[in-house]
Amino acid sequence: MSEAERKTDDDLHDGNSSRRDFLRNLGIAGASALISAGAPSESMANAPDTVSETSVQEFLQGHFVLMSEEEKKEAIARLEKRYSVQYSKKTTVADTPAPEGVLFGYALDIAKCIGCRRCVHACVEENNQSRGEHAIQWIQVMKIPKGNFSFSADRLDKGYPENSAVGDYGVQVGGNAYTPAGGLSTAHAQNYYAADEAVPDKDFFYVPVQCQQCEKPPCVKACPVRATFRDENGIVLIDYNWCIGCRMCQLACPYGARRFNWGEPELPAEEMNPKTHYFGNRPRMRGVMEKCTFCVQRTREGRNPACLEACPVGARKFGNLLDPESDVRKIIATKRVFRFKEEMGTYPKFFYYIG
Amino acid sequence: MFKNSLQSTPSIVVVALALVIAMAGILALVGGLNGRETATTPAGMQGKGRTAPVVTECFESREGSTSVTRVENAVPRYGYPNLKCSKTTQAVLWYGDPFDGTVPMGEMPDIRDGTRGDFAHAFVKPREAHLTYFNMGPDGCRTCHDGRTVPVPKSKSARPLAMHQDIVADSMQLQHGRGALWCLDCHSATDRNKLIDHLGNQIGFNQPQKLCGSCHGEAYIDWRAGIHGKRIGTWATGGKKRWWVCTECHNPHTVQANRFDPLLPEPPPPLPRGMRNANHERVGQGVH
């Protein structure tokens, strides 16, 4: 949203924002009243004051995108203060804006991928996911027996009519769940293949799946509170503080790319990445959704995503889809490229190719 | 309308205020229950934190190719180490500083491709430091291959070797080039610290792409274009990047058997609650 638009929005909702301020101030008063009344739970009694105070304000804050500049600054200062205390290290929460004239795209070579899962764990190192019992990983590597992929253009079209009587809803009319009419079949995919056998297995190919950053994201349509949205670079982001944890987006996503914090995230302080972004890798709380953001904390500052940097075979490429000289555009121009579950009509900006 | 009535009746204001305060209190409590307020103390975190030792000796790409050492606080701004490695495989997973230990790539031949001969922002990690035999003596390979200890061979054709079985098990069966090539087609016969191309140009071990590219033109063009091979750093076209050179990923001595040597993967994701094993995934191995 541009500066001008934001201003008018604020003007329109002037009464609203003052009500919010009023509520927030009351919230602080209420919380301190609670504490002084001797009502706090055990964990609250142990917690430093900064943590409990900031969390009440955090709970009452609005949608980050609709906040004024001062409110954003306040919200970020609050978070930085809380994280720095919680993880005993200086933590920064960036609010780096989306670079202009950029549409982020990703390309992944399934002919090169060896299924080593380094991208999965690099992502965990970078993005402060929960470890331990409630471990969360944003990337899933599928090990698929060879023969479950067809790239013939005439087969790809089969079963998915362009213009049928009922309209183009991506309804599969040819093939069945086990032998689809074309494309990539995940019917025999193994997601939990063991770590004690060397990869790549000659009879299999490997397909890592993460958020596909759809141009028409079903998750955004499903979110009842607009906590998840598409940013100017085409990245689907989440305001973790605005998320109500209803998991509608998880149901809507055809790629299984969204993860839910069922428990209190377990993030050891020594493994925590202190360089965070508000919409990216800042530590999450229980009861909110999270997913791949193409490392928004890195890419908005010009750096490549962590999964790309971990890939030992160079199967991952990232760049600006609007720049014809970018690696991703060159790949789309010269290689055999397909998109996962193309028939869903989600228009992903994650391109698989055969190099 | 509502506003007016509020102003005119102070008692309602009091009631409304009390309600709002009560609501805020409940909200704060609910927040606490929901875990919005992550009230875990630092001490609690340390108690939970696993005390697995930090892995400091790691490798990039494939094992034995490029060894690296973790250095703490290499990026003081964020307290980052230069890299983080896997606790299970010692593979590098994450770079705090993508340009750690790199040098500018330097001059490359202009072949009128997309790079237009501009390699100002291309950085590479020198290879010589990672070659076992090269680093056995101060003179590199010439420590033994000095012309006296090991005489300079008169012919480039294949013959059984007494040494270097760890690199090529059977020197008569070198498969690179499907039997058409032998060691001295790439290694200089007179200066073993150098590589040599088919035109007799000596090439350093730090720039293997100049040698490999003379035969593998297609891969070389793709590599220069940024399609083949790995690059880290910035994503922007023309931005500062670290390029991986050919031999950081491919082992030229075994490349015919494996384009990339097989390696052990990282551990699988934890099984969903209630699932005892993942055997169901392998039923029939694709036959169902």
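Source: prediction; values computed, not measured.

Reading guide: rules and limits
- Residues numbered from 1 in each chain as written.
- Chains lettered and ligands numbered in written order.
- Predicted model: local features only at pLDDT ≥ 70, side-chain atom pairs only at ≥ 80, totals over all residues.
- Heavy atoms only, no water.
- Helix = DSSP H or I, 4+ residues; strand = E, 2+ residues; numbered from the N terminus.
- Buried < 20%, exposed > 50% of the residue type's maximum accessible area, 1.4 Å probe, protein only.
- Areas by Shrake-Rupley, 256 points an atom, 1.4 Å probe, with all protein chains shown as cover.
- pLDDT = per-residue confidence, 0-100.
- Contact = heavy atoms within 4.5 Å.
- Disulfide = S-S within 2.5 Å.
- Pairing = 2+ DSSP bridges.
- Axes fitted to C-alpha atoms, helices over the stretch in contact; angles between N-to-C directions.
- Salt bridge = Lys/Arg side-chain N within 4 Å of Asp/Glu carboxyl O.
- Phe/Tyr/Trp six-rings, centres within 6.5 Å; stacked < 30°, edge-to-face > 60°.
- Lys NZ or Arg CZ within 6 Å of the ring centre and 35° of its normal.
- Core = buried A, V, L, I, M, F, W, Y, C linked by side-chain atoms within 4.5 Å.
- Polar contact = N/O pair within 3.5 Å; in protein donor to acceptor, adjacent residues only side chain to side chain.
- Lys, Arg positive; Asp, Glu negative; His and termini not counted.

S.K.: If you had to explain the overall build of chain A to someone new, which residues and values would you point to?
M.R.: Across its full length, chain A carries twelve helices and 14 strands. Sorting the 355 residues of chain A into buried and exposed places 57% on the buried side. Here chain A has roughly 14,700 Å² of accessible surface; of this, 53% comes from carbon and sulfur atoms.

S.K.: For the confidence of the model for chain B, give the residues involved together with the corresponding values.
M.R.: All names here are of chain B. The predicted model of chain B averages 82 in pLDDT, with 80% of residues at 70 or higher. Note that residues 1–10 has pLDDT below 50 and, in this model, two contacts with residues that lie over four places away or in other chains. When the criterion is pLDDT under 50, residues 27–50 qualifies, and its contacts beyond four places in sequence or with other chains add up to 50 contacts.

S.K.: Got a sec to walk through the state of the cysteines? Specific residues and values, please.
M.R.: Residues and elements named next belong to chain B. Per the stated rule, a full pass over the model turns up one disulfide over all chains. Disulfide pairing places Cys-58 opposite Cys-85 at an S-S distance of 1.9 Å. For the disulfide bridge between Cys-58 and Cys-85, the dihedral angle about the S-S bond is near 55°, and by the sign convention the bridge is right-handed. Of this pair, Cys-58 sits in strand S1 (residues 57–60) while Cys-85 sits in strand S3 (residues 83–85), and the two are 27 residues apart along the sequence. Of the two residues, Cys-58 and Cys-85, neither departs from the other in class, the shared state being buried. With no disulfide partner, Cys-212 has as its closest neighbouring cysteine sulfur the one in Cys-246, 3.8 Å distant. Judged by its relative accessible area of 24%, Cys-212 falls in the partly exposed class.

S.K.: Break down the sheet that holds strand S2 (residues 104–109) of chain A for me, citing the residues and quoting the values.
M.R.: All names here are of chain A. Read across the sheet, four strands follow the order S12-S2-S14-S13 without closing on themselves; strand pairing throughout is mixed. Whereas interior strands pair on both sides, the edge strands pair on one side only; in this sheet they are strand S12 (316–320) and strand S13 (336–338). Neighbouring strand axes in the sheet, compared pairwise and without regard to direction, differ in orientation by 30° on average. Where S13 and strand S14 (residues 350–354) come together, three bridges link them in antiparallel fashion. In the sheet register, Val-337 faces S14, and the bridge partner there is Tyr-353. The strands touched by helix H12 (residues 327–334) are S2, S12, S13 and S14; relative to S12, the strand with the most contacts, the crossing angle is about 110°.

S.K.: Describe the pattern of salt bridges, listing the residues and the values that go with them.
M.R.: Within the structure shown, the criterion is met by 25 salt bridges over all chains. For the salt bridge of Asp231(A) with Arg300(A), the shortest nitrogen-to-oxygen distance reads 2.6 Å. A residue pair is termed long-range when its members are at least 10 positions apart, and Asp231(A) in the loop between strand S7 (228–230) and strand S8 (236–238) and Arg300(A) in the loop between helix H10 (296–299) and helix H11 (306–310) qualify at 69 residues. There is no split in this pair, since Asp231(A) and Arg300(A) are both buried. Among the salt bridges present, the one from Lys87(B) reaches Glu271(A), with a minimum N-O distance of 3.5 Å. In this pair, Lys87(B) sits in the loop between S3 and strand S4 (92–95) while Glu271(A) sits in the loop between strand S9 (259–260) and strand S10 (275–277), so the two residues belong to two different chains. Residue class for Lys87(B) comes out partly exposed when judged on its relative accessible area of 43%. Glu271(A) sits in the buried class, given a relative accessible area of 12%. Salt bridges linked by common partners bring Glu126(A), Arg298(A), Arg303(A) and Glu309(A) together as one network.

S.K.: How would you sum up the packing of aromatic side chains? Please name residues and give values.
M.R.: Applying the stated criterion across every chain, the model contains 27 aromatic pairs over all chains. Ring plane angle 50° and centroid distance 5.6 Å describe the contact between Tyr255(A) and Phe340(A), whose orientation is recorded as tilted. Residue Tyr255(A) is found in the loop between helix H9 (248–252) and S9, and its partner Phe340(A) is found in the loop between S13 and S14; the two are separated by 85 residues along the sequence. Since its relative accessible area comes to 4%, Phe340(A) is described here as buried. Feature note: the residues Phe104(A), Tyr106(A), Tyr255(A), Phe294(A), Phe318(A), Phe338(A), Phe340(A), Phe350(A), Tyr352(A) and Trp235(B) constitute an aromatic cluster, connected by ring pairs. Sitting over the ring of Tyr278(A), Arg282(A) keeps its end group 4.1 Å from the ring centre.

S.K.: Let's hear about unusual backbone geometry: which residues, and what values?
M.R.: All names here are of chain A. Of note, the bond from Val-199 into Pro-200 is cis; its omega dihedral lies within 30 degrees of zero at 0°. Residue position: Pro-200 is located in the loop between strand S5 (183–184) and strand S6 (204–209). Positive phi is not limited to glycine here, since Gln-213 has a value of about 45°. With respect to the helices, strands and loops of the structure, Gln-213 is situated in the loop between S6 and helix H8 (218–222).

S.K.: Explain the confidence of the model for chain A residue by residue, including any values.
M.R.: Should pLDDT be low for a region, the predicted coordinates there are not to be read in detail. Residues and elements named next belong to chain A. A residue-level look at chain A finds 76% of positions with pLDDT of 70 or above and a mean pLDDT of 82. Within the model, the stretch residues 29–46 combines pLDDT values under 50 with eleven contacts to residues more than four positions away or in other chains. In the predicted structure, residues 159–175 sits below a pLDDT of 50 and forms 20 contacts with residues beyond four places in sequence or in another chain.

S.K.: Explain the nonpolar core to me, using residue names and the numbers behind them.
M.R.: All names here are of chain A. Ile-110, Val-207, Phe-294 and Tyr-352 are the most contacted members of the largest nonpolar core, which totals 74 residues. Of the residues forming this core, the biggest block, five residues, is contributed by S6. Beyond its immediate chain neighbours, meaning those up to four positions away, Val-207 contacts Ile-110, Gln-140, Val-141, Met-142, Ile-144, Leu-184 and Tyr-352. One finds Ala-227, Tyr-240, Val-288 and Met-289 within the second-largest nonpolar core, a separate group that totals twelve residues.

S.K.: Hey, could you go over the sheet that holds strand S6 (residues 122–124) of chain B for me, with residue numbers and the actual values?
M.R.: Residue and element names in this part refer to chain B. Reading across from one edge, S5-S6-S10-S9 is the order of the four strands in this open sheet, with mixed pairing throughout. For this open sheet the edge positions go to strand S5 (103–104) and strand S9 (231–233), each flanked by a neighbour on one side alone. Pairing of S9 with strand S10 (residues 241–243), which is carried by three bridges, proceeds in the antiparallel orientation. Each bridged residue has a counterpart across the sheet, and for Ile-232 the counterpart in S10 is Arg-242.

S.K.: Account for the environment of Gln175(B), naming residues and giving values.
M.R.: Within the secondary structure layout, Gln175(B) lies in the loop between S6 and helix H4 (183–186). Each C-alpha atom of the pair Gln175(B) and His253(B) lies 7.6 Å from the other, and the pair is 78 residues apart in sequence.

S.K.: I'd like to hear about helix H6 (residues 217–225) of chain B, residue by residue, with values.
M.R.: Looking only at H6(B), the buried set comprises Tyr220(B), Asp222(B), Trp223(B), Arg224(B) and Ala225(B). Buried-residue contacts for H6(B) involve H12 of chain A together with helix H5 (208–212), S9 and S10 of chain B. A positive backbone phi angle near 95° is found at Gly226(B), which sits one or two residues after H6(B).

S.K.: Residue-level account of the side chain of Lys275(A), with values.
M.R.: All names here are of chain A. Within the element layout of this structure, Lys-275 appears in strand S10. In this structure Lys-275 comes out as buried when scored by relative accessible area, which is 12%. A polar side-chain atom of Lys-275 sits 2.9 Å from a polar atom in the side chain of Glu-301.

S.K.: Account for the side chain of Arg118(A), naming residues and giving values.
M.R.: Mapped onto the elements, Arg118(A) comes out in helix H6 (residues 118–127). Of the buried charged residues, Arg118(A) lacks a salt bridge, with Glu266(B) as the closest side chain of opposite charge at 4.6 Å. In this structure Arg118(A) touches Ala310(A), Pro312(A), Phe59(B), Ser61(B), Ala91(B), Val92(B), Leu93(B), Leu263(B) and Glu266(B), once residues within four positions along its chain are discounted.

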